[in-house]
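Each chain, written out:
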Amino acid sequence: MPTASRLVAAAVLAAMGWCSSFLIAPLMVEDPPFEWFAQINAAAGFVVGWTVIGPRVKPAAKGIVVHGLTGAFAWVFWALLAHSTIKMLELSLRKQYDQAMEAVIAVFEIAFEDLQVMASGSVIFVVLGGGVLAAYLGAKAAQAFDKPGLP
């Protein structure tokens, strides 16, 4: 069910995904990101904000930091999975893999390499801060707009 907390958390996490893209892209010198990098990060942020953070935050503001960090880690997981799958498909079209299982394993290898590249202080600060901010503003939106007594 659409609620104000879901919408606000999704919008804030989408903005965090968009902004973090411009911090991550310069770090990827050896393998630059493709043209839809920021849009995919923003879409992953919107979906994670809507499904992970939005339903969990309540107006009582209990556990906001935990919900925000959970959303930030979920965004990192899904964004890495999406980007590494796209890179694997590009390499697969260039006939880099002999078997299907080799390509599936390459998804996780690529994701791990990208995680190491994006593990800089500014990126970590923006991602974790954006997750906590999404949870905080989602709780404030729930307090202001959601009717009490509804799940």
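Structure: see above.
Note that the structure is a prediction, hence the values are computed from the model and not measured.

Draft legend 1. Quick peek at the overall build of the protein. If you tally the helices and strands in the protein, you get 5 helices and 0 strands. For the protein, the α and β elements follow one another from N to C terminus as α-α-α-α-α. If you line up the protein on its principal axes, its C-alpha atoms span 55 × 30 × 25 Å. Taking all 151 residues of the protein together, 40% fall into the buried category. Pairs at least 24 apart in sequence give 78% of the contacts found in the protein among residues at least 6 apart. As displayed, the protein offers around 8800 Å² of accessible surface, 70% of which is attributable to carbon and sulfur atoms. Averaging the coordinates of the 9 positive side-chain charges in the protein and doing the same for the 10 negative ones gives two points 21 Å apart.

Draft legend 2. The arrangement of a nonpolar patch on the surface in detail. Taken together, the side chains of Met-101, Val-104, Ile-105 and Phe-108 present a nonpolar region at the surface, about 400 Å² in accessible area. Residue position: Met-101 is located in helix α4 (residues 100-117).

Draft legend 3. Molecular detail of the packing of aromatic side chains. Enumeration over the complete set of coordinates arrives at 3 aromatic pairs. Between Trp-18 and Phe-22 the ring centres are 5.6 Å apart and the planes differ by 70°, which places this aromatic pair in the edge-to-face class. With a gap of 4 residues between them, Trp-18 and Phe-22 both fall in helix α1 (residues 4-24), about one helical turn apart. A relative accessible area of 37% places Trp-18 in the partly exposed class. Pairing Phe-77 with Trp-78 gives two aromatic rings, centres 4.9 Å apart and planes at 80°, and the pair type is edge-to-face. With relative accessibility at 47%, the residue Trp-78 sits in the partly exposed group.

Calculation notes
- Residues numbered from 1 in each chain as written.
- Predicted model: local features only at pLDDT ≥ 70, side-chain atom pairs only at ≥ 80, totals over all residues.
- Heavy atoms only, no water.
- Helix = DSSP H or I, 4+ residues; strand = E, 2+ residues; numbered from the N terminus.
- Buried < 20%, exposed > 50% of the residue type's maximum accessible area, 1.4 Å probe, protein only.
- Contact = heavy atoms within 4.5 Å.
- Areas by Shrake-Rupley, 256 points an atom, 1.4 Å probe, with all protein chains shown as cover.
- Lys, Arg positive; Asp, Glu negative; His and termini not counted.
- Charge placed at Lys NZ, Arg CZ, Asp CG, Glu CD.
- Patch = residues over 30% accessible without salt bridge, like charges linked within 9 Å, V, L, I, M, F, W, Y side chains within 5 Å.
- Salt bridge = Lys/Arg side-chain N within 4 Å of Asp/Glu carboxyl O.
- Phe/Tyr/Trp six-rings, centres within 6.5 Å; stacked < 30°, edge-to-face > 60°.

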